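Spelled out, the chains give:
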Amino acid sequence: MENSALIIVDVQNDFCEEGSVPVQKASEIIPKINKVRKYFKNVIFTKDWHPEDHVSFKINHPNLNELTKDEVQNLWPVHCVQNTYGSELHKDIQIENGDIIVLKGKNSKYDSYSGFGCKEDKTNLHQILQNLNVNTIYVGGLALDYCVLFTVIDAIKLGYKVKVLKDCSQAIEPESAKTKINSYFAELRRQDNTILENSLQIFTSCEVEQ
């Protein structure tokens, strides 16, 4: 695992069962994450780290009736506000000295689901991985159909080999997650019909152990 990193996306209190944006059965992935992390020298956790006036909060849009359906669908209850309980990693997640925390969504004007951020508000994740000479990433966390998905897509576009740990991830909308994920992957294939075959694998934590 010398040139690999484990990236765990947003396993924060607000995304767990009792949070403001709950992912059902979120806590069930935590033992698997804690078990698989021992195989990695490089472990990175991403965290939503929003100011109170963040653009993704529905409460900050009094003109909801003037927004398009797509715009409204990308608005959420207040979550992961900086320095609050909801923004903390779940208490059962194992954190060790040397683990790296990447904060995303710090700019109130821009929202992005990816651990790499967006064009206007990039995180330092790509630079960290380059500094560590990482070329392969294993990804899990919350939620599979949002922040995990877009982290995976950006990683592929940046040239990383990506292995999604499906049993270390959970979707917030499990009924529609597969269709949504497949549609985004289909768009990647339209841009490059070999990109997924060359860059993406779906794994389980048990396969990492092997």
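All values derive from a computational prediction rather than experimental measurement.

Procedures and definitions
Residues numbered from 1 in each chain as written. Predicted model: local features only at pLDDT ≥ 70, side-chain atom pairs only at ≥ 80, totals over all residues. Heavy atoms only, no water. Axes fitted to C-alpha atoms, helices over the stretch in contact; angles between N-to-C directions. Helix = DSSP H or I, 4+ residues; strand = E, 2+ residues; numbered from the N terminus. Parallel < 35°, antiparallel > 145°, perpendicular 65-115°, else oblique. Left-handed = near helix turned anticlockwise from the far one by under 90°. Contact = heavy atoms within 4.5 Å. Nonpolar A, V, L, I, M, F, W, Y, C, P; charged D, E, K, R; others polar. Core = buried A, V, L, I, M, F, W, Y, C linked by side-chain atoms within 4.5 Å. Buried < 20%, exposed > 50% of the residue type's maximum accessible area, 1.4 Å probe, protein only. Disulfide = S-S within 2.5 Å. UniProt positions renumbered as here; feature names shortened; annotations may be inferred. 1 Å grid on protein atoms, 1.4 Å probe; cavity = no way out; pocket = protein on both sides within 12 Å on 5 of 7 lines; lining within 4 Å. Points joined across faces, edges and corners; volume = space filled by probe spheres on them.

## A short note on the packing of helix 4 (residues 144–157) against helix 5 (residues 174–191)
Consideration 1: Between helix 4 and helix 5, the shortest axis-to-axis distance is 11 Å and the interhelical angle comes to 15 degrees. Relative to helix 5, helix 4 is oriented roughly parallel. By crossing handedness, the relation of helix 4 to helix 5 is classed as right-handed. On helix 5, the residues touching Leu-144, Asp-145, Tyr-146, Leu-149, Phe-150, Ile-153, Ile-156 and Lys-157 of helix 4 are Ala-177, Lys-180, Ile-181, Tyr-184, Phe-185, Leu-188 and Gln-191.
Consideration 2: Counted by class, the contact of helix 4 with helix 5 contains 11 nonpolar, one polar and three charged residues.

## Brief notes about the nonpolar core
Consideration 1: In terms of nonpolar packing, the biggest core is built from 57 residues, with Leu-129, Ile-137, Leu-142 and Val-162 touching the most fellow members.
Consideration 2: For this core, the leading source of residues is helix 4, giving nine residues.
Consideration 3: Leu-142 has contacts with Val-9, Asp-10, Val-11, Phe-15, Cys-16, Val-23, Ala-26, Ile-29, Cys-147, Val-148 and Gln-170, leaving out every residue within four places of it along the chain.

## Brief notes about the state of the cysteines
Consideration 1: Throughout the structure, instances matching the rule amount to zero disulfides.
Consideration 2: The thiol sulfur of Cys-16 is not disulfide-bonded, and the nearest other cysteine sulfur, from Cys-80, lies at 9.4 Å.
Consideration 3: The structure places no disulfide on Cys-206, whose sulfur is separated from the nearest cysteine sulfur, that of Cys-168, by 9.0 Å.

## Description of the UniProt feature "domain: Isochorismatase-like" (unreviewed entry) in the protein chain
Consideration 1: Within this structure's numbering, the places UniProt gives as "domain: Isochorismatase-like" (unreviewed entry) are residues 4–185.
Consideration 2: Secondary structure content for residues 4–185 is 25% helix and 21% strand, while the C-alpha to C-alpha distance between its ends is 23 Å.

## Re empty space enclosed by the protein
Which parts of space are left empty comes out when a probe the size of a water molecule is rolled across the atoms.
Consideration 1: Enumeration according to the criterion identifies one cavity of 30 Å³ or more in this entry.
Consideration 2: By volume, the largest cavity amounts to about 160 Å³.
Consideration 3: Around the largest cavity, the lining comprises 16 residues; the ones closest to its centre are Phe-15, Trp-76, Tyr-113, Tyr-146 and Cys-147.
Consideration 4: Considered class by class, the residues forming the lining of the largest cavity number 10 nonpolar, four polar and two charged.

## Remarks on unusual backbone geometry
Consideration 1: Following Leu-142, the chain continues to Ala-143 via a peptide bond in cis, the omega torsion being -15 degrees.
Consideration 2: For Ala-143, the position within the fold is in the loop between strand 6 (136–142) and helix 4.
Consideration 3: A positive phi is found at Cys-80, a non-glycine position, where the angle reads about 50 degrees.
Consideration 4: In this structure, Cys-80 sits in the loop between helix 2 (69–73) and strand 3 (100–104).
Consideration 5: Phi at Asn-133 takes a positive value of approximately 60 degrees, unusual for a residue other than glycine.
Consideration 6: One can find Asn-133 in the loop between helix 3 (125–131) and strand 6.
Consideration 7: Here Asn-133 falls in the exposed class, since its relative accessible area comes to 55%.

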